[in-house]
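If you want the building blocks of each chain, they are given just below.
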Amino acid sequence: MSSTQSARIASLYRYPVKGLSPEPLPQVALAVGQTLPADRRYAIENGPTGFDPAEPKWLPKTHYLMLMRNERLAALRTRFDDASHVLTIKHNGAIVAQGDLETAEGRSVIEKFFATDFATELKGPPKVLSGGGYSFSDVPRKVVSIINLSSVAAIEAVVGQPVDPLRFRGNLYVSGWPAWHEFDLLDQTLAIGDVRLKVVKRIVRCAATNVDPETAMRDLNIPHTLMRRFGHADCGVYAEVIAGGSMAAGDHVTVSPSA
């Protein structure tokens, strides 16, 4: 397809804790049927949900702290270390909490921070949740989210101000496609080196996109703007990994001939 010949991965991100900071990745290895490593591996339970880590079952994002309702999360800067499992939370440049998310002691440190700092937004005691290889995705399947940067530019044009692509909390940001071309790729297979991604679903946007990821201000109404100007509330697509391999920023993205 000529419209995809120049498409490339502009950037890669993962989100180790649902609702917290994106982490840029220069490259990543993907396995069949999996998310990016450690993507949405943890969530902060907002009051008791009955989540069982031994038998994890999908729950809507409203059960967790998340940007749709808790925009102050965007003011935090967090980093997760894969080797130590330590999550570091900073606010205004200072470390405010740090703990190993795989130990009860470490989780307790993080939980105490949210219990104090987000007290007025909690439905009950906050709890760090992990289900091993489970992903706290917005959808009940393991997916990779893909954002078309030209679609973000189309939104910028109608709102009349810059729109940070990180509002959409994608894993892969793609340059070189026409605006909204990602919707034409449903049920097709994308090839990125050895990796194959089958596009399975459009992403319906929620109020989380209204939050500026730098200022933590709720300064736009993107779902409303999308519906009013484009007749839908979608931006980006979900894909499933059907062939594993490595990919990196700058890699070409094409439609697989076998699609």
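For the structure, check the block above.
Anyway, here's the lowdown on the structure attached to this text. (Residues numbered from 1 in each chain as written. Predicted model: local features only at pLDDT ≥ 70, side-chain atom pairs only at ≥ 80, totals over all residues. Heavy atoms only, no water.)

Looking now at the packing of aromatic side chains. Applying the stated criterion across every chain, the model contains 10 aromatic pairs. Ring centres of Phe 113 and Phe 114 lie 5.1 Å apart, and the angle between their planes is 75 degrees; on these two criteria the pair is classed as edge-to-face. Judged on exposure class, the residue Phe 113 and its partner Phe 114 are both buried. Residues Tyr 134 and Phe 136 carry aromatic rings whose centres are separated by 4.8 Å and whose planes lie at 85 degrees to one another, so their mutual orientation is edge-to-face. Linked through ring pairs, Phe 51, Tyr 64, Tyr 134 and Phe 136 together constitute an aromatic cluster. Sitting over the ring of Phe 118, Arg 72 keeps its end group 4.1 Å from the ring centre. Geometry around Phe 183 places Arg 202 over its ring, the cationic atom sitting 3.7 Å from the centre. (Phe/Tyr/Trp six-rings, centres within 6.5 Å; stacked < 30°, edge-to-face > 60°. Buried < 20%, exposed > 50% of the residue type's maximum accessible area, 1.4 Å probe, protein only. Lys NZ or Arg CZ within 6 Å of the ring centre and 35° of its normal.)

Turning next to the nonpolar core. Formed by 40 residues in total, the largest nonpolar core has its most connected members in Ile 146, Leu 172, Leu 190 and Leu 197. Per-element tally for this core: the top contributor is strand β13 (residues 234–243), with 4 residues. Every residue in contact with Leu 190, bar those within four places of it in the chain, is listed here: Ile 146, Trp 177, Leu 185, Val 195, Arg 196, Leu 197, Val 199, Val 253, Thr 254, Val 255 and Ser 256. Grouped together as the second largest cluster of nonpolar side chains are 23 residues, Ile 44, Leu 67, Ile 110 and Cys 206 included. (Core = buried A, V, L, I, M, F, W, Y, C linked by side-chain atoms within 4.5 Å. Helix = DSSP H or I, 4+ residues; strand = E, 2+ residues; numbered from the N terminus. Contact = heavy atoms within 4.5 Å.)

Okay, the pattern of salt bridges next. Tallied over the full model, the rule gives 14 salt bridges. Across the pair Asp 82 and Arg 14 runs a salt bridge, and its minimum N-O distance is 3.0 Å. Of this pair, Asp 82 sits in the loop between β5 (76–80) and β6 (86–91) while Arg 14 sits in strand β1 (residues 8–14), and the two are 68 residues apart along the sequence. You can call Asp 82 partly exposed: its relative accessible area is 41%. (Salt bridge = Lys/Arg side-chain N within 4 Å of Asp/Glu carboxyl O.)

This part covers unusual backbone geometry. In this model, Ala 38 sits at a positive phi of 70 degrees, which is unusual for a non-glycine residue. In this fold, Ala 38 is placed in the loop between β3 (27–30) and β4 (42–46). Backbone geometry places Arg 40, a non-glycine residue, at a positive phi of 50 degrees. Structurally, Arg 40 is set in the loop between β3 and β4.

Tracing the backbone shows Leu 65 in the loop between β4 and β5. Excluding residues within four positions of it along the chain, Leu 65 makes contact with Lys 18, Gly 19, Ile 44, Asn 46, Asn 70, Leu 73, Phe 114 and Leu 122.

The next point concerns the sheet that holds β1. Ordered in space as β2-β1-β10-β9-β13-β12-β11-β15, the 8 strands form an open sheet in which the pairing is mixed. The open sheet has two free edges, formed respectively by β2 (23–25) and β15 (254–255), since each of these has just one partner strand. Relative to strand β10 (residues 172–175), strand β9 (residues 144–148) runs parallel, the two being bridged by 3 bridges. From the neighbouring strand, Asn 148 faces β10, where its bridge partner is Val 174. Each of β1, β9, β10 and β13 touches helix α2 (residues 149–159); the most contacted strand, β9, lies at about 55 degrees to it. (Pairing = 2+ DSSP bridges. Axes fitted to C-alpha atoms, helices over the stretch in contact; angles between N-to-C directions.)

Before going further, it helps to examine the environment of Met 247. Within the fold, Met 247 resides in strand β14 (residues 245–248). For the pair Met 247 and Asp 194, spaced 53 residues apart in the sequence, the C-alpha separation amounts to 8.1 Å. Apart from the residues lying within four places of it in its own chain, the contact partners of Met 247 are Ile 9, Leu 12, Gln 27, Val 28, Leu 30, Leu 172 and Ile 192.

Attention now moves to the pairing of β3. Of the two faces of β3, the one lined by Val 28 and Leu 30 is fully buried and the one lined by Gln 27 and Ala 29 carries no buried residue. Two strands pair when backbone bridges link them, and β3 and β14 are joined in this way by 4 bridges, in the antiparallel orientation. Bridge pairing links Val 28 to Met 247 in β14.

To continue, consider the environment of Glu 240. Residue placement: Glu 240 occurs in strand β13. When its relative accessible area of 23% is taken as the criterion, Glu 240 is described as partly exposed. For the pair Glu 240 and Ile 155, spaced 85 residues apart in the sequence, the C-alpha separation amounts to 26 Å. When sequence neighbours within four positions are dropped, the list of residues in contact with Glu 240 reads Arg 141, Lys 142, Val 143, Arg 196, Leu 197, Lys 198 and Val 200. A distance of 2.8 Å separates the side chain of Glu 240 from the side chain of Arg 141, its partner in a polar contact. (Polar contact = N/O pair within 3.5 Å; in protein donor to acceptor, adjacent residues only side chain to side chain.)

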